[in-house]
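One letter stands for each residue in the lines below.
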Amino acid sequence: MFYYPVGTVLAEAVTDGGVTLAPIRDVLADEFYTGALADAIRSPGSIPAGLAGWLLASASDIANALAVLVNALVSPFDGGLESWPGAVLGGIGGVLGALAGVVPGFGLFGFTAWQALCSTVASLALGLPGAYVLARFEFPGRRTLESLTAVPFVLPSIMVAVGFVAAFGVNGPLNRTLAALGLPTVELLFSLEIIIIAHAFYNAPLVTRIVAAAWESVDARAVETARSLGASPTRAFRDVVVPQLLPAVATGALLTFIFTFMSFPIVLALGGLEYATVEVWLYNRVGQLDIQEAAVLAVLETVISLGLTYAYLRYEAATSRGDRVGSPLDRDPLFRLDAKRVALAGYGVVVAVVFLLPIVSMLAASVTSPDGLTLRYYRFLLERGAEATSAQVSPTLAVRNSLLFGAGTLLVAVPMGVLLALASTREGRLARAVGVLSMAPFAVSGVVVGLGLLQTLVFGTTVLGRRIVVGGPLAIVAAHAVGAYPFVVRNVAPLLAGLDRRLVESARALGATRNRALLDIELPLVAPGIAAGAAFAFAISIGEFDSTVLLASASGSDTSLYTMPVAVERFLGKQTLGRPTAMGSVLLAVTAGAFIVIDRVGGRYRE
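Predicted model, so just to flag it, every value in this text is computed and none were measured.

**Q** How should I be thinking about the overall build of the protein chain in this particular structure?
**A** A tally of helices and strands in the protein chain yields 30 helices and 6 strands. For 607 residues, the compact-globule formula gives about 25 Å, and the C-alpha radius of gyration of the protein chain, at 27 Å, lands near that figure. Taking the principal axes of its C-alpha atoms as reference, the protein chain extends roughly 100 × 70 × 65 Å. Within the span of the protein chain, comprising 607 residues, buried residues form 47% of the whole. Restricting to contacts in the protein chain with at least 6 residues of sequence separation, those with at least 24 account for 75%. Carbon and sulfur atoms make up 66% of the accessible area of the protein chain, which totals about 29,300 Å². The distance from the centre of the 40 positive side-chain charges to the centre of the 41 negative ones in the protein chain is 10 Å.

See below:
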């Protein structure tokens, strides 16, 4: 379900009538993909001459720009004193432009890394103040707010994209507010900025959770000792607290970079091909039936993501101390009036705009039209569901498919995740290897998994002389299960590792078989983790888009396998926002229902 399909995709990249690296070399040597590195890859011997030419050209451009600036500074009367400030600013702009032009372009891979870096910086900027608030202040609802930081992680990406279109579009509430204040409106859709903000929507809460947990583990006695030795509050924070937070900040930044490097629905919906990343271009190549080039992109992307994931795991292992805080820092009341809290109030406004405005705008757009309040978009969903042909998107069928695929995912992902959790918590190298390999789907994009399933199970594969074809719903459930079972492992394995092994040994000593001990002792004790993992798996399945859009579209114009996220994306291409926002609201309701299950049954998501 995972290694064979993905392995097939990766093998496609190095076979062309035999094993060869030529397809990979061709992509790397293409300026569209690697920009300034393409010449170096085509002809490594040209690197010294290329570097020399680049240095000379850059130095010449900067020197010319500096000459213009210096001339403007020393000759204020040449163009008239009134135009002198403009000439100086123009000179400064020229110098900055020359400096920016020094950095060469690195093609599609360079842009993908650049947008991931910008998204990481934005996520840190938005997430770190939140960690400060949660870790250092006490206020009603703090625990609830801390729990809600997990919500964006399971919200369907395509639904969030619809919310951003509704909030930051030309006629969205942001531009209407700016116009009402007499300020110029902004064009954010189909820009790099909106992609970065949407990525921050997802990943800033992750940064907040990781850094807040680290902040809460800072021992107050170390800070008090520094203060007793004469350190000022700022010095104590800089020398005692900051060093303990840096590993958590680095962990959050690295995870954010990995996630945004492989981002797909957000970039596809908010940037299109104009701002395509490797993942979006890979999807485009599949649509153009250029399977080998898509496979090469999948290989290169997987190598990069696996390398980053390995670096993250090594860094986490190196910085994990495993000790417990003896005396946590006291929290201050939040609701007072001083400069610091006024600044935090401003931060709260920014948080409301980024996190609440898209969701509220989506809900509002689904019940409003130029004529006022209306339910016609929801009526359209019901009517289309009853009358749709096989070539038209049927909303009710999409809802049914999502629920059925979610249930199927539970049947596959939960047993698989529990078994892998059991195997990974045993002693020995094999158990550790199982634990690492069970996390592999995190480092491989859903588009690659979908492409692999498409090439193997859907199109058919031969095993022991028998032709096996598994298409339709089963292939989609398999893709969803691959993406969901690691969440089951992550929720169950820590509980299994923390079990008192003497309980199992006592049961075995009293005559219970190994299976009986498992059913009567271990599984009941880890039931909350299983329930939480199941709820996560269901939510992941409901919102899955990457592989589903490939597999559901494999049959051409037939829409019978569309799920709610795919239906939202299809409606997004229409003239009005009413239909996609109504479909997105239904998707939000179903996802929220899954999360209520987490809250009522599992509750482990708070940890």
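**Q** When you look at the pattern of salt bridges in this model, what are you seeing that I'm missing?
**A** Note that side chains of opposite charge can pair when their charged atoms are close. Applying the stated rule across the entire model yields 13 salt bridges. The salt bridge partner of Asp239 is Arg238, with a shortest N-O separation of 3.3 Å. Judged by its relative accessible area of 38%, Asp239 falls in the partly exposed class. Judged by its relative accessible area of 49%, Arg238 is partly exposed. Note that Arg570 is salt-bridged to Glu569, the shortest N-O span being 2.4 Å. Accessibility expressed as a relative area gives 24% for Arg570, which makes it partly exposed. Salt bridges sharing partners connect three or more residues here, namely Glu138, Arg142, Glu216 and Arg331.

**Q** Looking at this model, I keep getting lost on the side chain of Ser123. Mind explaining?
**A** Structurally, Ser123 is set in helix H7 (residues 107-136). From its side chain, Ser123 meets the backbone oxygen of Ser119 in a polar contact 2.8 Å long. Those residues in contact with Ser123 that lie beyond four places of it in its chain are His199, Ala200, Asn203, Ala204, Val207 and Thr256.

**Q** Can you walk me through helix H16 (residues 278-287) in this structure?
**A** Turn by turn, an α-helix covers 3.6 residues, leaving residues three or four places apart pointing in a common direction. The element H16 is largely enclosed, with a buried count of 9 among its 10 residues. Of the positions making up H16, those classed as buried are Val278, Glu279, Val280, Trp281, Leu282, Tyr283, Asn284, Arg285 and Val286.

**Q** Would you take a moment to explain the packing of aromatic side chains for this structure?
**A** Any pair of aromatic rings gets described here by the distance separating the centres and the angle formed by the planes. Using the criterion set out here, one finds 15 aromatic pairs in the structure. Judged by centre distance (5.0 Å) and plane angle (80 degrees), the rings of Phe32 and Tyr33 are edge-to-face. Tyr33 sits in the buried class, given a relative accessible area of 2%. Among the aromatic residues, those joined into a ring-pair cluster are Phe164, Phe168, Phe201, Tyr202 and Phe355.

**Q** Looking at this structure, how should I read the side chain of Arg136?
**A** Position of Arg136 among the secondary structure elements: in helix H7. Nearest to the buried, unbridged Arg136 among oppositely charged side chains is Asp332, at 4.2 Å. Arg136 has contacts with Trp215, Leu329, Asp330, Arg331 and Asp332, leaving out every residue within four places of it along the chain.

**Q** Where do I start with a nonpolar patch on the surface in this structure?
**A** Where nonpolar side chains cluster on the molecular surface, the patch consists of Ile47, Leu51, Trp54 and Leu55 and spans about 370 Å² of accessible area. Within the element layout of this structure, Ile47 appears in helix H5 (residues 47-74).

**Q** What is the right way to look at the environment of Phe109 in this model?
**A** For Phe109, the position within the fold is in helix H7. Residue class for Phe109 comes out buried when judged on its relative accessible area of 13%. Sequence spacing of Phe109 and Phe571 is 462 residues, and the spatial spacing of their C-alpha atoms is 30 Å. Ignoring any residue separated from it by four or fewer positions in sequence, one finds Phe109 in contact with Tyr33, Val278, Leu297, Leu300 and Ile304.

**Q** Hey, could you run me through unusual backbone geometry in this one?
**A** Glycine aside, negative phi is the norm for most residues, and most peptide bonds take the trans geometry. A positive phi angle, near 55 degrees, is found at Phe190, a position not held by glycine. Within the secondary structure, Phe190 is located in the loop between helix H11 (173-180) and helix H12 (192-216). Of note, Leu289 is a non-glycine position whose phi angle comes to about 60 degrees, a positive value.

**Q** Please explain the environment of Val444 as it appears in this structure.
**A** Along the chain, the position of Val444 falls in the loop between helix H22 (440-443) and helix H23 (446-458). Along the chain, Val444 and Met262 lie 182 residues apart, while their C-alpha atoms are 8.5 Å from each other. Beyond its immediate chain neighbours, meaning those up to four positions away, Val444 contacts Phe2, Val6, Thr302 and Val449.

**Q** Teacher, can you tell me more about helix H26 (residues 514-525) here?
**A** Relative to the 16 Å expected for 12 residues at 1.5 Å per residue, H26 spans 16 Å between its end C-alpha atoms, a close match to the ideal helical length. Along H26, the residues classified as buried are Ala517, Leu518 and Glu522. The buried residues of H26 occupy an angular sector of 100 degrees when projected down its axis, which confines them to one face. For H26, the exposed residues set more than 90 degrees away from the buried face come down to Arg516 and Leu519. Residues of H26 that are buried in the fold lie against helix H20 (395-424), helix H24 (472-497) and helix H25 (501-509).

**Q** What is the right way to look at the confidence of the model for the protein chain in this model?
**A** When pLDDT drops low, the exact placement of atoms in the prediction is not to be read closely. Overall, the prediction assigns the protein chain a mean pLDDT of 82, with 92% of residues at 70 or greater. Element-level pLDDT for the protein chain is lowest in helix H9 (residues 151-154), with a mean of 72, against a maximum mean of 91 in H7.

Rules used throughout
Residues numbered from 1 in each chain as written. Predicted model: local features only at pLDDT ≥ 70, side-chain atom pairs only at ≥ 80, totals over all residues. Heavy atoms only, no water. Helix = DSSP H or I, 4+ residues; strand = E, 2+ residues; numbered from the N terminus. Rg over C-alpha atoms; globule rule 2.2 N^0.38 Å. Buried < 20%, exposed > 50% of the residue type's maximum accessible area, 1.4 Å probe, protein only. Contact = heavy atoms within 4.5 Å. Areas by Shrake-Rupley, 256 points an atom, 1.4 Å probe, with all protein chains shown as cover. Lys, Arg positive; Asp, Glu negative; His and termini not counted. Charge placed at Lys NZ, Arg CZ, Asp CG, Glu CD. Salt bridge = Lys/Arg side-chain N within 4 Å of Asp/Glu carboxyl O. Polar contact = N/O pair within 3.5 Å; in protein donor to acceptor, adjacent residues only side chain to side chain. Phe/Tyr/Trp six-rings, centres within 6.5 Å; stacked < 30°, edge-to-face > 60°. Patch = residues over 30% accessible without salt bridge, like charges linked within 9 Å, V, L, I, M, F, W, Y side chains within 5 Å. Expected span 1.5 Å × (residues − 1). Arc of directions from axis to C-beta. pLDDT = per-residue confidence, 0-100.

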